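Listed here are the chains, written in short residue letters.
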Amino acid sequence: MSALVRPSLQSIGTSMFSTFTRLAEEHGAINLAQGFPDFNPPADLIAGATEAMHDGANQYSPPIGVAPLRYAIADHAREQHGLVYDPDREITVTAGTTEAIWSAIVALIEPGDEAIVIDPCYELYGAAVAILGGIPRYVPVSPFPEFRLDLDLLERTFNERTRIVFVNTPTNPTGRVLTGEELRAIGELAERYDAYVVSDEAYENITYDGFEHVPVAADPRCRERTIMASSISKTFSATGWRIGWFMAPAQITEVIRKVHQFVLFSAPQPLQRGAAAMFAAARGSDYYDRLRAEYTERRDLFMPYLREAGLDVGQAPKGGYFIMTRCSSSDDAAFCRQLIERARVAAIPGSLFYSDPTNGPGLVRFAFCKRMETLREAGERLIAAMG
Ligand code: GLN
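Rules of the game
Residues numbered from 1 in each chain as written. Predicted model: local features only at pLDDT ≥ 70, side-chain atom pairs only at ≥ 80, totals over all residues. Heavy atoms only, no water. Helix = DSSP H or I, 4+ residues; strand = E, 2+ residues; numbered from the N terminus. Rg over C-alpha atoms; globule rule 2.2 N^0.38 Å. Buried < 20%, exposed > 50% of the residue type's maximum accessible area, 1.4 Å probe, protein only. Areas by Shrake-Rupley, 256 points an atom, 1.4 Å probe, with all protein chains shown as cover. Lys, Arg positive; Asp, Glu negative; His and termini not counted. Charge placed at Lys NZ, Arg CZ, Asp CG, Glu CD. Pairing = 2+ DSSP bridges. Axes fitted to C-alpha atoms, helices over the stretch in contact; angles between N-to-C directions. Expected span 1.5 Å × (residues − 1). Contact = heavy atoms within 4.5 Å. Near = heavy atom within 4 Å. Polar contact = N/O pair within 3.5 Å; in protein donor to acceptor, adjacent residues only side chain to side chain. Nonpolar A, V, L, I, M, F, W, Y, C, P; charged D, E, K, R; others polar. Salt bridge = Lys/Arg side-chain N within 4 Å of Asp/Glu carboxyl O. pLDDT = per-residue confidence, 0-100. Core = buried A, V, L, I, M, F, W, Y, C linked by side-chain atoms within 4.5 Å.

### Let's talk about the overall build of the chain
- When helices and strands are counted, the chain shows 14 helices and 12 strands.
- Rg of the C-alpha trace for the chain: 20 Å, near the compact-globule value of 21 Å for 387 residues, within the 12% margin.
- A principal-axis box enclosing the C-alpha atoms of the chain has dimensions of 55 × 50 × 50 Å.
- Classification of the 387 residues of the chain by burial places 57% in the buried group.
- Put simply, the chain shows about 16,000 Å² of open surface, and 50% of that area lies on carbon and sulfur atoms.
- Taken together, the 37 basic and 49 acidic charged side chains of the chain have centroids lying 1 Å from each other.

Quick look at the structure:
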């Protein structure tokens, strides 16, 4: 068996998201574990893709993506975030944010290189670095509920072998939005150690309470060394379409495109065209304001249920669509399994987002990217089982 497996793969398990979704399905539980909407994407997205299919756009696209989508991504970045990227030389369409980040890591990491990962985080970054023989260096944030970044610790973790620093804002799973000051510090350190910033901004359009998403590349020091990855998954509620992109200076883009062409060749053409049509429909409408307003309603509906069920909800998320809570037990994995069986609600153990799960005991993450009636039903089940 071991001969079949790269040594670096031996420590990699099954994604926690597929594990908990399978458990939820087995128990007929409402799935608030994996972050995907249980409602349909906007009609313009679906209409754009089906029209493209009927119009014959069913073959490969150029590996960098169809022009209408790359130009739409450039317009969106400029109009929503004030970022200027050249759609031909600096924007590339990928299979979701995941492939964008994976291709960037393959392009940048050599065995023995170090990559800084802010801990807790989404499971992809450290796993991908480790699979490729790189060394993830984890920088813990302060404990629940603040999850503050320790800039001194971050500085001490940088060294000559640091090749990448990963940033994710709004942050999964903590719901934090990084401040301009934190981003400036990251840019300053990345510049000093000549490292790249790989920035996962998949939740760029979902922020609350007047908190603004500050893209990493808004800082000029970061702009020249940042690979910003995002997707339509959250913005257009279509996680299953696997349409994403990365934006990076032309020289960096060229290198990552070499990897991307052999990982994927090209993202599904009709879905790219649907995404372009949806960007066009959203442009100049109140789509992004409505998205934020709807998510604010979902968050504000669901949080009181969690409180009433006896969970410590800590701080309301400032961005993204997850609420990190603390439960009465330090064994959050056991707690989540019981929750599935007794309340028939699935959440994900928060400790699993930590490189060392003992650093985040008793945390439970709920995804609220669901219909209001789903959230009400889940809330009532939680209270009935635990309240
Ligand atoms: N980003 C989503 C989450 O954190 C799920 C991603 C996945 O399932 N791969 O829930």
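Right, picking up where we left off after that structure.
### A closer look at the sheet that holds strand β6 (residues 196–200)
- Reading across from one edge, β2-β8-β7-β6-β5-β3-β4 is the order of the 7 strands in this open sheet, with mixed pairing throughout. Because the sheet does not close on itself, it has two edges, and the strands there are β2 (91–94) and β4 (135–140). Between one strand axis and the next, the sheet turns by 20 degrees as a mean value, whatever way the strands run.
- Pairing between β2 and strand β8 (residues 244–247): 4 bridges, direction antiparallel. Across the sheet, residue V93 finds its bridge partner in β8, namely W245.

### Observations regarding helix α7 (residues 180–192)
- With 13 residues, α7 ought to run about 18 Å at 1.5 Å a step, and its terminal C-alpha atoms sit 18 Å apart, in line with that.
- Listing the buried residues of α7 in full gives E182, L183, A185, I186, G187, L189 and A190.
- As for α7, its buried residues are in contact with α6 (151–157), β5 (162–168), β6 and α8 (220–223).
- Immediately beyond the C-terminal end of α7, within one or two residues, lies D194, with a positive phi of roughly 50 degrees.

### Some details on the sheet that holds strand β12 (residues 363–367)
- If you walk across this open sheet you meet the 3 strands as β9-β12-β11, and the pairing is antiparallel. The sheet terminates laterally at β9 (322–326) and β11 (348–349), the two strands that pair on one side only.
- Bridge count between β9 and β12: 5 bridges; the pairing is antiparallel. By the bridge assignment for β12, F322 is matched with A367.

### Brief notes about the site of the ligand
- Taken together, the neighbourhood of the ligand is formed by F17, Q34, G35, Y122, N172, Y203, K234, F322 and R365.
- Here Y122 contributes a side-chain N or O atom positioned 3.1 Å from a nitrogen atom of the ligand.
- Take N172: an N or O atom from its side chain is 2.8 Å from an oxygen atom of the ligand.
- Protein coverage of the free-state accessible area of the ligand, which is 290 Å², stands at 81%.
- Here the shell around the ligand is built from residues that sort into 4 nonpolar, 3 polar and 2 charged.

### Section: the pattern of salt bridges
- Applying the stated criterion across every chain, the model contains 26 salt bridges.
- A salt bridge links E188 to R192; the nearest nitrogen and oxygen atoms lie 3.1 Å apart. Residue E188 and its partner R192 are both found in helix α7; the two are separated by 4 residues, about one turn of the helix.
- On the basis of relative accessibility, which here comes to 28%, the residue E188 falls in the partly exposed class.
- Note on R192: relative accessible area 42%, which makes it partly exposed.
- The partner of D289 in a salt bridge is R292, and the shortest N-O contact between them spans 3.3 Å. Note that D289 and R292 are positioned in helix α12 (residues 287–308) at a spacing of 3 residues, about one turn of the helix.
- For R292, a relative accessible area of 22% gives the class partly exposed.
- Within this structure, D75, R78, E79 and R283 form a network of salt bridges that share partners.

### Side note on the confidence of the model for the chain
- Across the chain, pLDDT averages 96, with 99% of residues at or above 70.
- Per-element mean pLDDT across the chain ranges from 91 in α8 up to 99 in β2.

### Section: the nonpolar core
- Formed by 76 residues in total, the largest nonpolar core has its most connected members in I232, F302 and F366.
- By residue number, the principal contributor to this core is α12, which donates 9 residues.
- The contacts of I232, once residues within four sequence positions are left out, are L45, S237, A238, W241, I243, W245, A275 and F279.
- By size, the runner-up hydrophobic cluster in this structure holds 25 residues, among which are A100, L108, I109 and I256.

### As for unusual backbone geometry
- Cis peptide bonds are those with omega within 30 degrees of zero, and the linkage from F144 to P145 qualifies with 5 degrees.
- Relative to the helices and strands, P145 is located in the loop between β4 and α6.
- Cis geometry is found at the peptide bond from T169 to P170, where omega equals -15 degrees.
- Counting through the fold element by element, P170 comes out in the loop between β5 and α7.
- Unusually for a residue other than glycine, R242 sits at a positive phi of about 55 degrees.
- Within the secondary structure, R242 is located in the loop between α9 (232–235) and β8.

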